[in-house]
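Structural characterization, general
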Amino acid sequence: MAEEGGKSFARRDRLLEIEAKARNWWEEKQVFRAESCEKPPGPGEKFFGNFPFPYMNGFLHLGHAFSLSKLEFAAAYHRLRGANVLLPFAFHCTGMPIKASADKLTREIQQFGEPPVFPEKLEKGNEEVEVEAEDVNAGAPPAKHKGKKSKAASKAGGEVYQWEIMRSFGLSDSDISKFQDPYKWLTYFPPLAVEDLKAFGLGCDWRRSFITTDMNPFFDAFVRWQVRKLKSMGKIVKDLRYTIYSPMDGQPCADHDRSSGEGVQPQEYTVIKMELMAPFPSKLGVLEGRKVFLAAATLRPETMYGQTNAWVLPDGKYGAFEINETDVFILTQRAARNLAYQKYSRVPEKPTCLVELTGYDLIGLPLKSPLALNEIIYALPMLTVLTDKGTGIVTSVPTDSPDDYMALHDLKSKPAFRAKYGVKDEWVLPFENIPIIDIPGFGSNAAEKVCADLKIKSQNEKEKLAEAKRLTYLKGFNEGTLILGEFKGRKVQEVKPLIRSKLIEAGEAISYSEPEKRVLSRSGDECVVALTDQWYITYGETEWKKLAEECLSGMNLYSDETRHGFEHTLSWLNQWACSRSFGLGTRIPWDEEFLVESLSDSTIYMAYYTIAHFLHNGDMYGSSKSAIKPEQMTDEVWDFVFCDGPCPKSSEISSSILSKMKQEFEYWYPFDLRVSGKDLIQNHLTFCIYNHTAIMSKKHWPRGFRCNGHIMLNAQKMSKSTGNFRTIRQAIEEFSADATRFSLADAGDGVDDANFAFDTANAAILRLTKEISWTEEVLGADSSLRPGPPTTYADRVFANEINIAVNRTEQNYSGYMFREALKTGFYDLQAARDEYRFSCGDGGMNRDLLWRFMDVQTRLITPICPHYGEYVWRELLKKDGFVVNAGWPLADAPDLTLQSANKYLQDSIILMRKLLQKQVLGSKKGNKKGTPVTALTEDHNLTGLIYVNEHFDGWKAECLKILQINFNRDSRTFSSDKMIQEALQKSSIGQSKDFRQIQKLCMPFMKFKKDEAIAIGAQALDLKLPFGEIEVLQENLDLIKRQLGLQEVEILSATNPDALSKAGSLVKLLEQNPPAPGSPTAIFLT
């Protein structure tokens, strides 16, 4: 027995042994090898599912496993029901991260030696510090966690050293040094990932695996063909565009190149050139002879007519930066850095600061600003100016902006405030609000009105000011009308671009962009927005977008939220920079200075899977001997295989192999399902749609995407730096593969974040091993089981529960609702088995029924726990073949009336137990469930009289008739409450002199019945239950006796006077608690 820290792991180890055995069986017979057929597949006959290939700069973790499990469970379900299933898997190595990490190792060796000796830790003792948690669920921004820093993060300046990260992978110092070569990563991590996924039980055809980059000459040829084809269609162009850019890497920084800020786009501003008027103050004396401007970034250039001043942050750090030979901009260093990459710096990409300044140096500067009606305005202090947004200089339009209005109001009304910052009266007091926009509901002085309405007294009331802005900002843009200037009388949203263009053309403003939020590249530097001349894919182009929308409309996305995510992405997605100069990948064929970036070489590679085994011959690197050479994969060959092109007559590949490759693609495509985290909707998955519509025929467009949320561990964010983290290998070693898969299935199915609970995984170990033991026990006692066909009431109920489990679990698997499949196919089925075992009593369980149960349960749990299923199937049940493709179990249609009858029986027993305890002990608290209440009855020779009223009568019957008339069976909706109330008043109840008293009883009863009818249908409104209550109870007298510990039980009709007389003096209990359909009343006699 394995022991760890005094705790036994024998059950877990038993599962690990079973898993190794099952994998050997599968490997020996190549169970997951997928072969196409010459005949095209009919509906449901084949299933091709895939998963975004993971990036190979480390080990696969539970974040990968969670998304992958959705595909694995789906594929396993389709394989089980008899479909021909292809589940391939590949490994992504394109892009920056691996090269950046390899270069980082080289720098650390140069700086600290080999092996490196890093600076001492700065933290003291065990003091807790706040660290930024690495997000292992790709796509979400990092979150802050309080915790002790990991060793790698505890160094000087909080830097995470790559060498320490490699040590955390279990690598020795001598091995780590080899990873300075980026290609070492490609040969080290992918084979380990294959081992981990095989241990996980992934039903993959590994012959089709491959890596990306030019290390794989076949995939390299595929990507070159793809981008050449897009360029020939005019969908790749060279253009000057704003893009998120890493100065350190010297290239655009796309989503997968970022350590934080995925999804962040450039935010475009208009920078207003507010000219500084002479004479300059002494601090700016060195700038005499130059044109000096305070550069104010704004999103609302149309409001510039109403400027009264400019705002600066008194304590803010600014500088005077050279823009060209004549112009100097005063703004923050961060903004100057962005501008330098947008061709606004005398020295390209290097901002030159002529004078360092603070906001105090700028207060009182006289300015001449474009479009301002005031000839001269002044720079004034504002305490809420942000220096990490825009330029740190803000124009003030107090009629339009609540913030501007209150800040100017404070300066005007508070002399002490002006004195504190050296503000002269003439810079402030003469300047009045200038109405510029009329907004419906707010008039032409919207800021003043909304501040008065919200009773805002100061610029420090940030929450109220945010609400004021919310109320007026969008309304002003969407509904406002300009009331002065050249475009007077026209709508704001119409004139905004016109005014912006006019300002820029006049040289009074420039276009400026910066990242919407902070973006860090994987090399560690803060990104800027650069104006780059490079290759772009023309996503968003009108006709192409229409095709993408058409494709999306025909896809199964499994949730409205996912569909909305795609629709939103299609609404904004525009040209995408597809070239890089740094990293690993495929060279752009016509411009080999550049590489194809990592999100652009991974859009249609699902098609590559269909023929990869012809090219790779089992070697993921494409370096083994195969019948095809990389150079033979010409554009004509790719066109023939994937795009219905003519057969390439000059190809050196034999026509039989060409035909077989084309047949393989035609058989498997289109893919049926791609499973991914929801963060890829905004890039990769939408790119996949676009590229398929451009390159593939409509019959090959994707059929379905299923997107999920991120995975948490024990309700906490999964993060390496906090230690709340597991690789797939660690999870398997800790819990076993099947218990890990069980917990992943139980974690959740929606697009919200799911939770992998260690308690669930540990409980799965116990459940699975106990079920094995129970199965062995039953099979060992086979001769003692009741022979013959199932005949008893308990048999019929259990057989029906099996049918229900088969039907509902099939619905859940086919809808990819795996948590529900686990419930209906395992938890509910086990509960039914346990109830059956108890219900059978002395007669014992039926042999045929138990064998059916073991067969069905094994098949239903197999997609989730395949190793367990295979072991039970072959070793215990001694079945032929493999359970993974044994076929979906056959089942009769569920008898829902029988199910209702059994629920009635079980509920009635619980109710009777409560009545017994109350009657015998005088307690109001009943023992809801458990062993028979022999403690109550052992000293009492009790007889139970169970009274049943099978029909509603009196006012209840009248209420039900009214509801029946007012119920729509098809839509399961009722007429209005008013109509039902009127019908009640017109009925015999309404005519009764006791109507008001009876009405108090009617309303809650009718509400209960309405809710029930909406849930289960019109049968809830019947005057009797769909089964005979007396018959059900009569057939289960033995069970009732055993459950309640009674000597005798009689089932009696509450409408029979002779039956009532048997209650004797206790008949008053029937009057206090009269039985009704579904609710019998029991009386106990000694």
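Residues numbered from 1 in each chain as written. Predicted model: local features only at pLDDT ≥ 70, side-chain atom pairs only at ≥ 80, totals over all residues. Heavy atoms only, no water.

**What to know about the overall build of the chain**
Each helix and strand in the chain was counted, giving 37 helices and 36 strands. Taking all 1086 residues of the chain together, 55% fall into the buried category. Surface accessibility of the chain: about 46500 Å² in total, with carbon and sulfur atoms responsible for 50%. For the chain, the separation between the mean place of its 134 positive charges and that of its 144 negative charges on side chains is 2 Å. (Helix = DSSP H or I, 4+ residues; strand = E, 2+ residues; numbered from the N terminus. Buried < 20%, exposed > 50% of the residue type's maximum accessible area, 1.4 Å probe, protein only. Areas by Shrake-Rupley, 256 points an atom, 1.4 Å probe, with all protein chains shown as cover. Lys, Arg positive; Asp, Glu negative; His and termini not counted. Charge placed at Lys NZ, Arg CZ, Asp CG, Glu CD.)

**As for the packing of helix α22 (residues 737–746) against helix α27 (residues 866–876)**
For the pair α22 and α27, the least separation of the axes is 7 Å and the interaxial angle reads 125°. What the angle tells us is that α22 and α27 run oblique. Between α22 and α27, the contacting residues are Ala737, Asp738 and Arg741 on the first element and Pro866, His867 and Tyr868 on the second. Partitioned by chemical class, the residues of the contact of α22 with α27 number three nonpolar, one polar and two charged. (Axes fitted to C-alpha atoms, helices over the stretch in contact; angles between N-to-C directions. Parallel < 35°, antiparallel > 145°, perpendicular 65-115°, else oblique. Contact = heavy atoms within 4.5 Å. Nonpolar A, V, L, I, M, F, W, Y, C, P; charged D, E, K, R; others polar.)

**Description of unusual backbone geometry**
Comment: phi is negative for the bulk of residues other than glycine, and the bulk of peptide bonds are trans. The residue after Ala278, namely Pro279, is reached through a cis peptide bond having omega -5°. Mapped onto the elements of the fold, Pro279 is located in the loop between β10 (266–276) and β11 (291–298). With an omega dihedral of 5°, the bond running from Tyr669 to Pro670 counts as a cis peptide bond. Unlike most non-glycine residues, Gln30 shows phi in positive territory, near 50°. Along the chain, Gln30 falls in the loop between α1 (10–29) and β3 (46–50). According to the relative accessible area criterion, Gln30 is partly exposed, its value standing at 47%. The backbone of Ser736 shows a phi angle near 90°, a positive value even though the residue is not glycine.

**A closer look at the pattern of salt bridges**
When their charged atoms lie close together, side chains carrying opposite charge are able to pair. A complete count under the given rule lists 67 salt bridges for this structure. Residues Asp205 and Arg208 are paired through a salt bridge, measuring 2.9 Å at the closest nitrogen-oxygen approach. Note on Asp205: relative accessible area 2%, which makes it buried. (Salt bridge = Lys/Arg side-chain N within 4 Å of Asp/Glu carboxyl O.)

**Considerations on helix α6 (residues 182–200)**
Given a rise of 1.5 Å per residue, 19 residues ought to cover 27 Å, and the 28 Å separating the end C-alpha atoms of α6 matches this to within 8%. The complete set of buried residues in α6 reads Pro182, Trp185, Leu186, Phe189, Pro190, Ala193, Val194, Asp196, Leu197, Ala199 and Phe200. Of the residues flanking the end of α6, it is Gly201, one or two places downstream, whose phi is positive at about 90°. (Expected span 1.5 Å × (residues − 1).)

**Notes on the confidence of the model for the chain**
Taken residue by residue, the chain gives an average pLDDT of 91. The fraction at 70 or more is 94%. Low pLDDT (under 50) marks residues 122–157, which in the prediction has 76 contacts with non-local residues, meaning those over four places away or in another chain. Counting interchain partners and residues more than four positions distant, the pLDDT-below-50 stretch residues 926–936 has 22 contacts. (pLDDT = per-residue confidence, 0-100.)

**Overview of the sheet that holds strand β30 (residues 716–717)**
The strand order β30-β29-β31 describes an open sheet built from three strands, whose pairing is mixed. For this open sheet the edge positions go to β30 and β31 (754–756), each flanked by a neighbour on one side alone. (Pairing = 2+ DSSP bridges.)

**Quick notes on the packing of aromatic side chains**
Tallied over the full model, the rule gives 73 aromatic pairs. Seen from their ring centres, Tyr813 and Trp888 are 6.0 Å apart, and the 90° between their planes marks the pair as edge-to-face. Of this pair, Tyr813 sits in helix α24 (residues 793–814) while Trp888 sits in the loop between α27 and α28 (896–921), placing them 75 residues apart in sequence. An identical accessibility class is assigned to Tyr813 and Trp888; each is buried. Above the face of the Phe974 ring, Lys1010 is positioned so that its terminal group lies 5.6 Å from the ring centre. (Phe/Tyr/Trp six-rings, centres within 6.5 Å; stacked < 30°, edge-to-face > 60°. Lys NZ or Arg CZ within 6 Å of the ring centre and 35° of its normal.)

**Quick look at α22**
Along an α-helix, residues three or four positions apart point the same way, because every turn accommodates 3.6 residues. For α22, the buried fraction is high: ten of the ten residues fall into the buried class. Residues of α22 that are buried: Ala737, Asp738, Ala739, Thr740, Arg741, Phe742, Ser743, Leu744, Ala745 and Asp746. For α22, the side-chain oxygen to backbone nitrogen distance between the N-cap and Ala739 is 3.2 Å, and the N-cap itself is Ser736. Just past α22, the residue Gly748 takes up positive phi, approximately 140°. (Polar contact = N/O pair within 3.5 Å; in protein donor to acceptor, adjacent residues only side chain to side chain.)

**So, the side chain of Thr298**
Within the secondary structure layout, Thr298 lies in strand β11. Looking at Thr298, its side chain comes within polar contact range of the main-chain nitrogen of Arg300, at 2.9 Å. With residues up to four places along the chain from it excluded, the contact list for Thr298 reads Tyr269, Thr270, Ile272, Met304 and Thr395.

**Here's the deal with the sheet that holds strand β23 (residues 528–537)**
One open sheet holds the four strands; their spatial order is β8-β7-β23-β24, and the pairing between them is antiparallel. For this open sheet the edge positions go to β8 (251–252) and β24 (576–577), each flanked by a neighbour on one side alone. The pairing of β23 with β24 spans two bridges and is antiparallel. The partner of Ile537 across the bridge, within β24, is Trp576.

**Side note on the pairing of strand β27 (residues 673–677)**
In terms of residue burial, β27 counts as a mostly covered element, since five of its five residues are buried. Burial of β27 is two-sided: the residues Leu673, Val675 and Gly677 facing one way and the residues Arg674 and Ser676 facing the other way are all buried. Bridge analysis of β3 against β27 gives two bridges, and the strand direction is parallel. Counterpart to Asn50 in the pairing with β27 is Arg674. For β27 and strand β28 (residues 705–708), the ladder comprises four bridges, and the chain directions are parallel. Directly across from Gly677, in β28, lies its bridge partner Asn708. Since β27 and β28 lie parallel, the crossover through helix α20 (residues 681–695) that links them has a hand, and here it is right-handed. (Right-handed = clockwise from strand over helix to strand, strands pointing away.)

**As for the nonpolar core**
For soluble globular proteins, nonpolar side chains are generally found buried alongside one another. In terms of nonpolar packing, the biggest core is built from 109 residues, with Phe89, Phe91, Trp185 and Phe756 touching the most fellow members. Leave out the neighbours within four places in its chain, and Phe89 touches Phe51, Pro54, Leu68, Leu197, Leu202, Cys204, Trp206, Arg208, Ser209, Phe210 and Tyr609. Listed in part, the 72 residues of the second largest apolar core include Leu86, Ala254, Trp638 and Val641. (Core = buried A, V, L, I, M, F, W, Y, C linked by side-chain atoms within 4.5 Å.)

**Here's the deal with the environment of Arg767**
The residue Arg767 is located in helix α23 (residues 758–780) in this model. Between the C-alpha atoms of Arg767 and Arg11, which are 756 residues apart in sequence, the distance is 9.9 Å. Reaching out from Arg767, the side chain makes a polar contact with the side chain of Gln830 at a distance of 2.9 Å.

**Structural notes on the environment of Asn812**
Here Asn812 shows up in helix α24. Relative accessible area serves as the criterion here: at 15%, Asn812 is assigned to the buried category. Sequence separation between Asn812 and Ala745 is 67 residues, and the spatial gap between their C-alpha atoms is 12 Å. In this view, Asn812 contacts Met817, Glu820, Ala821 and Thr824; residues no more than four positions away in its chain are not counted. One polar contact links the side chain of Asn812 to the main-chain carbonyl oxygen of Glu820, over a distance of 3.3 Å.

**Structural notes on the side chain of Thr532**
Here Thr532 is to be found in strand β23. Residue classification places Thr532 among the buried positions, given a relative accessible area of 11%. A distance of 3.3 Å separates a polar atom in the side chain of Thr532 from a polar atom in the side chain of Gln534. Setting aside anything within four residues of it in sequence, one finds Thr532 in contact with Asp239, Leu240, Arg241, Thr243 and Tyr245.

**Here's the deal with the pairing of strand β36 (residues 1081–1085)**
Burial of β36 is extensive: four of the five residues sit out of reach of the surface. Across five bridges, strand β32 (residues 943–948) lies against β36 in antiparallel orientation. Within β36, the residue paired with Thr943 across the bridge is Leu1085.

**Quick word on the state of the cysteines**
Under the counting rule described, the total for this entry stands at zero disulfides. Looking at Cys1002, it has no disulfide partner, and the nearest cysteine sulfur is the one in Cys959, 3.5 Å off. (Disulfide = S-S within 2.5 Å.)

**Some details on the packing of helix α7 (residues 217–232) against α20**
Taken N-terminus to C-terminus, the directions of α7 and α20 make an angle of 70°; their axes are 11 Å apart at the nearest point. Between α7 and α20, the crossing angle belongs to the class labelled roughly perpendicular. Across from Trp225, Gln226, Lys229 and Leu230 in α7, the residues of α20 making contact are Asn691, Ala694 and Ile695. Residue composition of the contact of α7 with α20, by class: four nonpolar, two polar and one charged.

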